[in-house]
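Residue-level structural notes
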Amino acid sequence: MKTPTVNPAIRNIAIIAHVDHGKTTLVDQLFRQSGTFRENQDVAERVMDRMDLEKERGITIAAKNCAIRWRNVKINIIDTPGHSDFGGEVERALSMVDGAILLVDASEGPLPQTRFVLKKALESRLPIIVVVNKIDRGDARPQAVLNEVYDLFIDLDADEAQLEFPVFYAIGRQGIAQKTLEEKGTDLKVLFDAIVDHLPGPAYDADAPFQMLVSDLDYSDYLGRLAVGKVHHGRAKSGDALVCVGESGNPVPLKVTKLQVYNGVNLADSDTAEPGDIIILSGVTDVKIGDTIATRESPAALKRLTVDEPTVAMNFYRNSSPFAGQEGKFVQPGKIKERLEREALGNVAIRVEESPDKESFTVKGRGEFQMAIIIETMRREGFEFGVGRPRVILKTIDGKKKEPIEHLFIDCEETYTGIVTEKLSKRKCRMTNMVNHGSGRVRLEFSAPSRALIGYRDEFLTDTKGTGLMNSYLAGYEDFRGEIPSRSNGSLVADRQGDAVAYGIFHLEPRGRIFVVPGDSVYEGMIVGEHNREIDLDVNITKEKKLSNMRAAGKDDNITLTPVQPMTLEACLNFLRDDELLEVTPKHLRLRKFVLDQNARRIAEKRSQKADD
C-alpha cells in the first residue's frame, strides 16, 4: 500500500466542547497571541460568534472557519457547536480536520454534549489534545475532571494511541495555558507548540489528481454561491475547468472564477490550492454539501458526508390569521418553501418535505432547539408563517414501533431530587444512575424518550427554582414506551376580534394565567391564556365596563392586573397542543387554534369523539 504524503505547512484542527465551556473565548486569545490582529486593533469579544443569535445566547450555532500562523505553519481552526441539536454542523466540520482540541470546564467536567462531539471525533480517528479550562474558578476540581475525561475516552472505546493525549490547564479568558497545575503560565505558547508538534499535517496522495470534498456552502452578493471544503489530493488554480460530482455520480462541468483561502477571520485571494488546505471556490452554481469537485479527466467522487437521522419534525404553514401580511415582508408559501430549502442546502441535518396541497411543509431536524433557531432566524428576516407542535419521528423496525431515546443528565440541588424524579417517571423516563458528591448538588442520569423532553425544560427550571442544569444526547432507538400525559390545562381562547381591555383581563384572571396585556390586538381563535381546568374555554377578553350616570367615578374599584411575563419562542412551542399553532411574525408571537371559528371547532370535536367511540 502506498504511503501517503503529509503537508507539514498546514494543520487543520477543530475545537470541540460543551456549551459555555469557553471555546469561543479561547479562539479569541489564539487570534490575539498569534499576531493575527494588530496590537492596537479594536476587536470585539467572541469574534467567531458572527450571528446575532449566537451573540445573544452565548452559544455557537454554526461551525465557522478561520486561520492563524505559528512557526511558519498555517493552522486552520474550525469552531464547532457544542449542542447536539447542531450535530450536523459538527459532522461536516470534522470532515475537514486532522485533529481536535477538547475543551472541558475545570468544575463541570465532561457533560453530555462533550460526549456527543468527542464520540464523533474518535469515530473519525482524530488525535486529541485535552485542555482543562477555567482552572481559576473557585469550585475548580481539575484533577478529578481529568480522571472523568479518561473515563469518558475509555467509555467511548478510544484506542491506546487516542488515550495518550497531551493535557494542558488553561484560563481561556486570560490567554494562559500550562502543562501542569503547579507552574504559572503567561501565554498560550505551549498550546500553539502542541498543535504544531502533536497534531499531524493533512495526508494526501502526491500522484492523485485534484479532489475537494464540499463541507460547507456560503453566499456572496458579488460572487454568488461559494463552495467550502478541504483539498484531499492534488492542486487547483483559479480559472481551472473542473467538474462537480453529486449524489447521482454524474459529473457536471464548472469553471472556478475565484479561489480563496482563510486568513484570520477573513478571506484572501489565492492563485493555487495546496493539498490539505481549506479553500473557498466561486463559480459553482449547483453544488450541495457532500459533493466532490474534481478534474474533468478524473471525475472520481470522495466518500459523501453522512449525518445522523433527524429525530424531530415540525410543520410550517402559511399564516392564515386575520392579521396575516400586516408585519412581514414574505408571507407566500413559495417564499417560505424557498427559504426552508436554502436552510436545508447549508445544513446537512435538516430535511424539508412539501405537503400535497403545497400549503405546508414538514421540516425534520435534530431537536426542538434547532427548530427554534430556524424559526427565530426567519422571523428576523421578515417572514410570516405558522408552526405546529414539535413531534418526534417514530420508526418501525421488525414490525415493532420504535422511538428515539435520550441519555438525560440532570444536575440539581439535593432538595429538588424528589420532584424531578417524580415528573420524569410520569414521562416514562427511567433512572440509570445517581451521584451525590456531598456538595449539596446531585447528578441524576435517565433513559428518556425524546418526546418526554418536549416542553419539559421550562417546567424543570420552575421546579428547581432556576438552579437546575439539564442536558441530553441521542442514545438510539428503543421500543415505544406508551403514551405520555401532555399539558393537562386547557386554553383560554378569544371568541371575537378586538383589543384586550384591562376590565376584561381582570375578570378572567381567576380563570387562569393570562398571556396578553391591555391594548394587545386579538382575534377569534387566538389563545390569550392558560385555563385552570383541562378543557378549553372561549372568553371575551375585549369586554369593557358598562358606564352609567348613576355611578360616581370615585366609587369604582381600582383595577390592578397581575404582571404578565412575555412568552419566549421556546415557551410558546412547549405550550402547543396538537390542535394549536404558533403564529410567527417579525414583531409578534401569537398562540392560536388551528381552526379559528369556535363553531367549526365544536363540530370537529364532536366528529372526533364519534370516531373514537
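Residue indices begin from 1 for each chain and proceed along its sequence in written order. Local features in a predicted model are, by the rule used here, given only for residues with pLDDT of at least 70; side-chain atom pairs are given and counted only at 80 or more, and totals for whole chains, interfaces and linings are based on all residues. Just so you know, side-chain values use all the structure's heavy atoms and leave hydrogens and water out.

A look at the overall build of the protein
Going by this rule: Think of it this way: any DSSP run of H or I at least four residues long counts as a helix, any run of E at least two long counts as a strand, and we number them from the N terminus. For each residue, the accessible area found with a 1.4 Å probe, counting protein chains only, is set against the maximum for its type, and the residue is called buried under 20%, exposed over 50%, and partly exposed in between. The contact definition used throughout considers only heavy atoms, calling two residues in contact when any of these lie within 4.5 Å. All accessibility values rest on the Shrake-Rupley procedure with a 1.4 Å probe; residue burial counts only the protein chains present in the view.
The helix and strand inventory of the protein stands at 15 helices and 37 strands. When burial is assessed residue by residue, the protein has 52% of its 613 residues classed as buried. In the protein, once contacts between residues fewer than 6 apart in sequence are set aside, the share between residues at least 24 apart is 72%. A total of about 29000 Å² of accessible surface is found on the protein, and carbon and sulfur atoms cover 48% of it.

Side note on the packing of helix α8 (residues 333–346) against helix α9 (residues 368–380)
Applied cut-off: Simply put, an axis is a line fit to the C-alpha atoms, just over the touching stretch for a helix, and the angle between two N-to-C directions goes from 0 to 180 degrees. When describing relative orientation, an angle under 35 degrees is termed roughly parallel and one over 145 degrees roughly antiparallel, while 65 to 115 degrees is termed roughly perpendicular and anything else oblique. By convention the crossing between two helices is left-handed if the near helix lies anticlockwise of the far one by an angle smaller than a right angle, and right-handed if it lies clockwise. Three classes are used: nonpolar for Ala, Val, Leu, Ile, Met, Phe, Trp, Tyr, Cys and Pro, charged for Asp, Glu, Lys and Arg, and polar for all others, with Gly counted as polar.
At a minimum axis distance of 12 Å, the contact between α8 and α9 shows a crossing angle of 130 degrees. By the angle between their axes, α8 is oblique relative to α9. As α8 packs across α9, the resulting crossing turns out to be right-handed. Here Ile 336, Arg 339, Leu 340 and Glu 343 of α8 lie close against α9, whose contacting residues are Ile 374, Thr 377 and Met 378. Looking at the contact of α8 with α9 residue by residue, the classes come out as four nonpolar, one polar and two charged.

A short note on unusual backbone geometry
In the Ramachandran plot, Lys 134 falls in the positive-phi region, its phi being about 65 degrees despite a non-glycine side chain. As for its placement among the helices and strands, Lys 134 is situated in the loop between β6 (128–133) and α5 (142–155). Judged by its relative accessible area of 21%, Lys 134 is partly exposed. One non-glycine residue with positive phi stands out, namely Asp 398, at about 55 degrees. With respect to the helices and strands, the residue Asp 398 is situated in the loop between β25 (395–397) and β26 (400–413).

What to know about the confidence of the model for the protein
Selection rule: As a per-residue measure, pLDDT reflects the predictor's confidence and takes values from 0 up to 100.
Here the protein averages 83 in pLDDT, and 90% of its residues register 70 or above. In the model, residues 53–58 has pLDDT below 50 throughout and makes 21 contacts with residues more than four positions away in sequence or in other chains. Segment residues 552–556 is flagged for pLDDT under 50; beyond a separation of four residues in sequence, or across chains, it makes two contacts in the model.

Here we look at the environment of Asp 479
As a reminder, the rule being used: In protein, a polar contact requires one atom able to donate a hydrogen and another able to accept it; more generally it is a pair of N or O atoms within 3.5 Å, and residues adjacent in sequence count only if both atoms are side-chain atoms.
Structurally, Asp 479 is set in strand β29 (residues 469–479). Residue classification places Asp 479 among the partly exposed residues on the basis of a relative accessible area of 37%. Taking the C-alpha atoms as reference points, Asp 479 and Thr 396, 83 residues apart in sequence, are found 9.4 Å from one another. A distance of 2.5 Å separates the side chain of Asp 479 from the side chain of Lys 402, its partner in a polar contact.

Overview of the pattern of salt bridges
Selection criterion: Between Lys or Arg on one side and Asp or Glu on the other, a salt bridge is scored when a side-chain nitrogen of the former is within 4 Å of a carboxyl oxygen of the latter.
Counted according to the given criterion, the structure contains 40 salt bridges. Lys 423 is the partner of Asp 463 in a salt bridge, and the nearest nitrogen-oxygen pair spans 2.8 Å. Of this pair, Asp 463 sits in helix α12 (residues 456–463) while Lys 423 is found in helix α10 (residues 417–426), placing the two residues 40 residues apart along the sequence. Since its relative accessible area comes to 14%, Asp 463 is described here as buried. According to the relative accessible area criterion, Lys 423 is partly exposed, its value standing at 22%. Through salt bridges that share partners, Asp 105, Glu 108, Lys 134, Arg 137 and Asp 139 make up one connected network.

Side note on the sheet that holds strand β30 (residues 491–494)
To keep it simple, the criterion reads: Any two strands with at least two DSSP bridges between them are considered paired.
Spatially, four strands are ordered β32-β34-β30-β35 in an open sheet, and the strand pairing comes out mixed. Looking along the sheet, the strands with just one partner apiece sit at the ends: β32 (512–514) and β35 (537–539). With strand direction ignored, the average angle separating the axes of adjacent strands in the sheet is 30 degrees.

Let's talk about the pairing of strand β2 (residues 10–17)
Burial analysis of β2 places eight of its eight residues in the buried class, which makes it a mostly covered element. Side chains of β2 alternate between two faces, with Ile 10, Asn 12, Ala 14 and Ile 16 and Arg 11, Ile 13, Ile 15 and Ala 17 buried alike. Pairing analysis gives six bridges linking β2 to strand β4 (residues 73–79), with the strands arranged parallel. Of the residues in β4, the one forming a bridge with Arg 11 is Ile 75. The pairing of β2 with strand β5 (residues 99–105) spans five bridges and is classified as parallel. By the bridge assignment for β5, Ile 15 is matched with Ile 101.

Brief notes about the packing of α10 against α12
Between α10 and α12, the least distance of the axes is 10 Å, while the angle of their chain directions is 160 degrees. Relative to α12, the element α10 is oriented roughly antiparallel. α10 and α12 meet at a crossing whose hand is right-handed. Facing α10, whose interface residues are Ile 419, Val 420, Lys 423 and Leu 424, α12 presents Tyr 456, Glu 459, Phe 460 and Asp 463.

Description of the nonpolar core
Cut-off, in case you're wondering: Remark: nonpolar core denotes a set of buried residues (Ala, Val, Leu, Ile, Met, Phe, Trp, Tyr, Cys) joined through side-chain atoms within 4.5 Å.
Formed by 43 residues in total, the largest nonpolar core has its most connected members in Leu 102, Leu 118, Ile 128 and Phe 153. In this structure, Ala 17, Val 73, Phe 168 and Leu 188 belong to the second largest nonpolar core, which totals 27 residues.

Notes on the sheet that holds strand β18 (residues 278–282)
Strand order in the open sheet formed by eight strands is β14-β13-β19-β10-β11-β18-β15-β16, and the pairing between neighbours is antiparallel. Each edge of the open sheet carries a strand with a single partner, namely β14 (251–255) and β16 (266–269). Each neighbouring strand pair of the sheet contributes to a mean axis angle of 40 degrees, computed without reference to strand direction. Two elements, strand β10 (residues 211–220) and strand β11 (residues 224–233), share nine bridges in a ladder whose sense is antiparallel. Pairing of Gln 211 across the sheet is with His 233, part of β11.

What about the packing of aromatic side chains?
Definition in use: Between the rings of Phe, Tyr and Trp (Trp by its six-membered ring), a pair exists once the centres lie within 6.5 Å; its type follows the angle of the planes, with under 30 degrees stacked, over 60 edge-to-face, and the other angles tilted.
In total, this model carries nine aromatic pairs according to the counting rule given. Aromatic side chains Tyr 317 and Phe 594 sit 5.4 Å apart centroid to centroid with 80 degrees between the ring planes, which places their arrangement in the edge-to-face category. You can see Tyr 317 sitting in strand β20 (residues 312–317) and its partner Phe 594 sitting in the loop between β37 (589–593) and α15 (598–612), a full 277 residues away along the chain. Since its relative accessible area comes to 19%, Tyr 317 is described here as buried. Given the relative accessible area of 42%, Phe 594 is considered partly exposed. Considering the side-chain rings of Phe 323 and Tyr 523, the 5.1 Å spacing of their centres and the 90 degrees angle between planes classify their relative orientation as edge-to-face. Here the residue Phe 323 occupies a position in the loop between β20 and α8, and Tyr 523 occupies one in the loop between β33 (521–522) and β34 (527–531), the gap between them amounting to 200 residues. Of the two residues examined, Phe 323 and Tyr 523, each falls in the buried class. Of the aromatic side chains, those joined through ring pairs into one cluster are Tyr 150, Phe 153 and Phe 165.

Quick notes on the environment of Lys 237
Within the secondary structure layout, Lys 237 lies in strand β12 (residues 236–237). Through-space distance from the C-alpha of Lys 237 to that of Ala 273 is 6.4 Å; in sequence the pair is 36 residues apart. Not counting chain neighbours up to four residues away, the residues in contact with Lys 237 comprise Val 256, Leu 259, Asp 271 and Thr 272.

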